[in-house]
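# Survey of secondary and tertiary structure
In case you want the letters, here they are:
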Amino acid sequence: MTTVPVFRVETARLSGAAIRLDGPEGRHAALVRRLRPGERVDLTDGAGRLAECVVRAAGGPGDPALDLEVLEQRSLPGPQPRITVVQALAKGERGELAVELMTELGVDVIVPWPASRSIVQWRAERGEKALAKWRSTAAEAGKQSRRVWWPEVTEPASTARVVELLAGASLAAVLHEDARSSLADLEPTRTGDIVLVVGPEGGISPDELRVFGEAGAAAYRMGPTVLRTSTAGAAAVAVLLARSGRWSAQNQSAQHQSAQHQLTQNQPA
């Protein structure tokens, strides 16, 4: 079975019985993916709205767009608990790899953090380009993994801002290789906000660990091995998604029923 491609459009355009997919997404669909009449396409706004469509007409190089017939529209509730990962800046493409993996798994918010021991720092134009790359990576991974809710990649956060996020969380955690408690033994909340901090290649400094602890964040280790910053967040998110019930069949069934109810509510009487 061929996977149905997903494209992103503005929320306001996800209405009516027909939608024209143009712009960069339409160009990619028509010229790169070479989608043709009769093929299926899904559209999402990345914020819970989904339109299942079929291609009725496809333009060429002079008109790179698709004319789509909407088969069904749904609105899915945001997942619970909401998982935020504070990801320390990493050198090379490791930060982008972390964003890609966490997006595919289901993280809800990614917060870039210039930790004191981060090898790279985002400044001026370089920082703007790096942030844009993280956001582009999240968007591509959101489409590839067929997510209807895409993660928000925020502006870089200072350590003081991270402390605020941890203090306001339902569950706050910091990954640390010397921690006594294992994340696998944690009983996470099933509602509210989980905030997890992933340190840089050089590790989280003692001062950072102290202020995070004062904000209510406990330290946890992943296992007997030490993971890179590019993979630690994804491994931890997988544990939290499984332990919190977000990956359970019961939870997924409840979301499906909620979406079907929303579809019924939106249909004309």
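The rules behind the values
Residues numbered from 1 in each chain as written. Predicted model: local features only at pLDDT ≥ 70, side-chain atom pairs only at ≥ 80, totals over all residues. Heavy atoms only, no water. UniProt positions renumbered as here; feature names shortened; annotations may be inferred. Pairing = 2+ DSSP bridges. Helix = DSSP H or I, 4+ residues; strand = E, 2+ residues; numbered from the N terminus. Axes fitted to C-alpha atoms, helices over the stretch in contact; angles between N-to-C directions. Core = buried A, V, L, I, M, F, W, Y, C linked by side-chain atoms within 4.5 Å. Buried < 20%, exposed > 50% of the residue type's maximum accessible area, 1.4 Å probe, protein only. Contact = heavy atoms within 4.5 Å.

As annotated in an unreviewed UniProt entry, the chain carries the name Ribosomal RNA small subunit methyltransferase E and is attributed to Actinocrinis puniceicyclus. What UniProt states about the chain under its Function (unreviewed entry) heading is, verbatim, "Specifically methylates the N3 position of the uracil ring of uridine 1498 (m3U1498) in 16S rRNA. Acts on the fully assembled 30S ribosomal subunit." Of the comments in the UniProt record for the chain, the one headed Sequence similarities (unreviewed entry) reads "Belongs to the RNA methyltransferase RsmE family."

### Some points on the sheet that holds strand E2 (residues 18-21)
The strand order across the open sheet built from five strands is E1-E3-E4-E5-E2, with neighbouring strands paired in mixed fashion. Edge positions in the open sheet fall to strand E1 (6-8) and E2, since each of these has one partner strand only. Averaged over all adjacent pairs, the angle separating strand axes in this sheet is 40°, with direction ignored. Inspection of the sheet shows E1 paired to strand E3 (residues 40-44) by three bridges, in the parallel sense.

### Some remarks on the UniProt feature "domain: Ribosomal RNA small subunit methyltransferase E PUA-like" (unreviewed entry) in the chain
Feature annotation in UniProt assigns "domain: Ribosomal RNA small subunit methyltransferase E PUA-like" (unreviewed entry) to the following positions: residues 21-59. Between the C-alpha atoms that bound residues 21-59 there is a distance of 10 Å. The span itself is 26% helix and 41% strand.

### Overview of the nonpolar core
Formed by 30 residues in total, the largest nonpolar core has its most connected members in Val85, Met102 and Leu196. Going through the elements one at a time, strand E6 (82-88), helix H2 (94-105), helix H3 (124-144), strand E9 (171-175), strand E10 (193-198) and helix H6 (229-243) are the ones with two or more residues in this core. Per-element accounting of this core gives the leading share, six residues, to H6. Contacts of methionine 102, omitting those with residues within four sequence positions, involve Val85, Gln87, Val107, Ile110, Arg147, Gly233, Ala234 and Val237. Counting 18 residues, the second largest nonpolar core, distinct from the first, contains Ala88, Val111, Ala157 and Ile204.

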